[in-house]
Amino acid sequence: ADGRNETGIGGSRMIFTLGACLQEQKKTDLPELGEDMPSRVFVTTEAGAKAALEQAQMRYEGEVQLSDIGFCKVENQQECMIGSFYIPKLLDLLGKRYAILFFVNEKNIVLVDNSDFSYRLIRRIQRKNRNREMTKEKFLYYYITEFIHRDLELLVQYEKRLMEMEERISEGHAAHFLSDFSPVRKELLTLRSYYDELMDLGRELETNENGFFAKKQTKYFGTVTDRADRLMSKTVHLLEYAGQVRDAYQGYVDARQNANMQFLTVISTIFFPLTLITGWYGMNFQNMPELQSGYPGVIFASVLVVLLLILYFKKKKML
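This structure is a prediction, so every number in the text was calculated from the model and none was measured.

> Explain the pairing of strand β3 (residues 40-44) here, please?
Two faces belong to every sheet, and in a regular strand the side chains alternate between them. Of all five residues making up β3, five are buried, and the element is well covered by its neighbours. Residues R40, F42 and T44 of β3 are buried on one face, and the alternating residues V41 and V43, pointing to the opposite face, are buried as well. Pairing between strand β1 (residues 14-17) and β3: four bridges, direction antiparallel. What sits directly across from T17, in β3, is R40. Inspection of the sheet shows β3 paired to strand β7 (residues 109-112) by four bridges, in the parallel sense. Each residue of the ladder has a partner; that of V41, found in β7, is I109.

So, in structure tokens, the structure goes:
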């Protein structure tokens, strides 16, 4: 109904005004920027990035290509700050990510996003912060924390999955452990790298090298760093726990192999006397009276030896 889809935002540019609240501007109400105008957030696609940067009074000589984004980072230039977000999708952590560029100067913010992800985040920010003053610093804080606000819940789910795997191992049901465990470990490693990048990004924003942010409000970026740090610590803990679960599985496999080897050893031991008997009577010496009528006796002796050995090993709980 609103013309947005996963490949673009209706092909148009959206502008949100910062101030007493975060408010979307109508297309018919887009006056030129001036010193007395409020700060704004421009949300655009890759195709409209140059026009949005020009309207936001930002000068950027490079090419705006979201396909080049590979991680979260911040780069300070003379006239603006340039950053990128490379956000894993919660339902597909190893798949394609959201790639977003952001530009900040003393007055405005430009978000370049070919999907509707940024638009949806901004709508959530509006719903949660009605009639609250919105500054550049607060907006970036809410924007970043909005796409990590469910991550702790996600990590709790990973902890439950690992606990279930450990329980299945203890119960002797580990047939599909490797196929279940490998994706979990890869996803946790992906999240660890992601939170590490967010921590660096938060520190860089808090440093405020170009002075684009109000000093009193850079504390919000410190909060971003702290949240990413907590998520990072939780992820590292889960990776350590995953290592313990893998060790438990390896111990289970070793125990199974040892049990199999013990069983084979016992079987070999049981039948070794029979090998000795058959070898002995296979010599066919002339002075062996058993060769004439000893066949039933040898059978009886062999069965007796096997039964005695089986009883012995059962008593020793080796069978």
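Having seen it, we continue.
> Before we go on, may I ask you to explain the confidence of the model for the chain in this structure?
Atom-level detail of predicted coordinates should not be read off regions where pLDDT is low. Confidence along the chain averages 86 in pLDDT terms, with 88% of residues attaining 70 or more. Every residue in residues 1-11 scores below 50 in pLDDT, and together they form 21 contacts with partners more than four places removed in sequence or on other chains.

> It is not clear to me how the packing of aromatic side chains should be interpreted in this structure. Could you clarify?
Aromatic ring pairs are described here by two measures, namely the spacing of the ring centres and the angle between the planes. Within the structure shown, the criterion is met by 15 aromatic pairs. Ring centres of F85 and Y143 lie 5.7 Å apart, and the angle between their planes is 50°; on these two criteria the pair is classed as tilted. Taken together, the residues span a long stretch of sequence, with F85 in strand β5 (residues 81-87) and Y143 in helix α3 (residues 136-146) at a distance of 58 residues. The pair formed by F85 and Y143 is uniform in burial state, with each residue classed as buried. Geometrically, the ring pair formed by Y143 and F147 is edge-to-face, given 5.8 Å between the ring centres and 90° between the ring planes. Look at Y143 and you get buried, because its relative accessible area is 0%.

Scoring rules and cut-offs
- Residues numbered from 1 in each chain as written.
- Predicted model: local features only at pLDDT ≥ 70, side-chain atom pairs only at ≥ 80, totals over all residues.
- Heavy atoms only, no water.
- Buried < 20%, exposed > 50% of the residue type's maximum accessible area, 1.4 Å probe, protein only.
- Helix = DSSP H or I, 4+ residues; strand = E, 2+ residues; numbered from the N terminus.
- Pairing = 2+ DSSP bridges.
- pLDDT = per-residue confidence, 0-100.
- Contact = heavy atoms within 4.5 Å.
- Phe/Tyr/Trp six-rings, centres within 6.5 Å; stacked < 30°, edge-to-face > 60°.

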